[in-house]
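Spelled out from the first residue to the last, the chains are:
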Amino acid sequence: SRDIRQLLAYPDGTAGAWMTTEFVALPATATAAQAIELVRHDAEHIETVYYAYAVDPNGTLLGAVSLRDLVVSKADRTIDQIMKPDIVSIAVDADQEEAGRLIAKYDLLALPVVDRSQKILGIITVDDVMDVVEEEATEDAQRMGAVEPLESPYHQTPVRDLVRARAPWLVALFIASSATANVLEHFSATASAMLMIFVPLVISTGGNSGSQSSTLMIRAMALGRIGRKDAI
C-alpha cells in the first residue's frame, strides 16, 4: 500500500507514474560475493533482476551492474570496481514518452528513475514502455484525425465523451468550409464555367496535401525529431 500511495503521488503521464519501486540496490562497497547473495535474497520479490544498481548510503545512484558481470567477476571485487558509472537515467517528473525514447535509443531492459538529487526511486522496464508507446501512438493517431484523445476504447466510450472529443473539431472545420463557400460565391459571377469545374479538384488536392503534411509532421513530433525550435 505504501508503494501504491507513492506512485499515485506522481502526475499521470510522467516517468514516476509508470515506474516500479521493486529493484535491486547494492552498496558500492559490497563485494561480488555479497552482491550475489543480496540478489539471490531479493530475486523472488522483484520483477526484473537483469540489472542491479550501485548506490551510496544515501541511495544516490552511482552506476549499474549486470547479473552477468556479477557472476563472472572475482568474489572479492567490490561493486564500485565492477559497475558501469556512465548510466542512463530519467527524472521522476519527466514525460513518459522520454522514457520510451531512451530505452529504444540505448537498447535498455530497464531504465532507472531518479529525483533531483540523483537518488534512485524505481525503474521502468521495457514491457512497461511498450504500454506507454501504444498509448502515445494512439493519442497521436487520434489527434491526426482531428479528435481529442479518448481515455478508453471507442466502443466503451460514452456518447457524451465522444461528442466532447469530436464536436469542437467538427465545428471548426464546418466554419472553415463555410468560409470557402462564401469565397466561391463571391467570385462565381466572374469565374468561367470551365474554371468552376476544377474547383472540387483543387479543394481535394489541398485536403490531400494537407493530410500528408500533417501526417509527416505529427509523426516527426511523436519521434522527437522536430520541436519548437524548428517552428521558424
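In this report, we go over the structure that sits alongside the text. Residue positions are counted from 1 within each chain, in the order its sequence is given. Totals for whole chains, interfaces and linings use all residues, but because this is a predicted model, local features are given only for residues with pLDDT of at least 70 and pairs of side-chain atoms are given and counted only at 80 or more. Remark: hydrogens and water are excluded; side-chain values derive from all non-hydrogen atoms of the structure.

1. Side note on the overall build of the chain
Next, step 1: Secondary structure follows DSSP: runs of H or I at least 4 residues long count as helices, runs of E at least 2 residues long count as strands, and numbering of each begins at the N terminus. Within the chain, the regular secondary structure consists of ten helices and six strands.
Next, step 2: All accessible areas in this document rest on Shrake-Rupley with a 1.4 Å probe, and a residue is counted as covered only by the protein chains that are shown. When the accessible surface of the chain is totalled, it reaches about 15500 Å², and 59% of it is carbon and sulfur.

2. Here's the deal with a nonpolar patch on the surface
Next, step 1: Residues Tyr50, Leu109, Val126 and Met130 make up a contiguous nonpolar surface patch of about 380 Å² in total accessible area.
Next, step 2: Structurally, the position occupied by Val126 is in helix α7 (residues 126–144).
Next, step 3: Throughout this description, buried means an accessible area under 20% of the type-specific maximum (1.4 Å probe, protein chains only), exposed means over 50%, and partly exposed covers the range between. By relative accessible area, Val126 is classed as partly exposed at 32%. What goes into a patch is any residue over 30% in relative accessible area without a salt bridge, connected to like charges within 9 Å or, for nonpolar side chains (Val, Leu, Ile, Met, Phe, Trp, Tyr), within 5 Å. The term salt bridge refers to a side-chain nitrogen of Lys or Arg lying within 4 Å of a carboxyl oxygen of Asp or Glu.

3. Considering unusual backbone geometry
Next, step 1: Of note in this structure, Asp107 is not a glycine but carries a positive phi near 55°.
Next, step 2: Along the polypeptide, Asp107 turns up in the loop between α6 (96–106) and β5 (110–114).

4. Quick look at the pattern of salt bridges
Next, step 1: Under the counting rule described, the total for this entry stands at three salt bridges.
Next, step 2: As a salt-bridge pair, Arg40 and Glu37 come within 2.6 Å of each other at their nearest N and O atoms. Separated by three residues within a single helix, Arg40 and Glu37 lie in helix α3 (residues 32–42), roughly one turn from each other.
Next, step 3: Across the pair Arg101 and Glu98 runs a salt bridge whose closest N-O atoms are separated by 3.1 Å. Placement of both Arg101 and Glu98 in helix α6 is noted, with a separation of three residues, approximately one turn of the helix.
Next, step 4: On the basis of relative accessibility, which here comes to 29%, the residue Glu98 falls in the partly exposed class.

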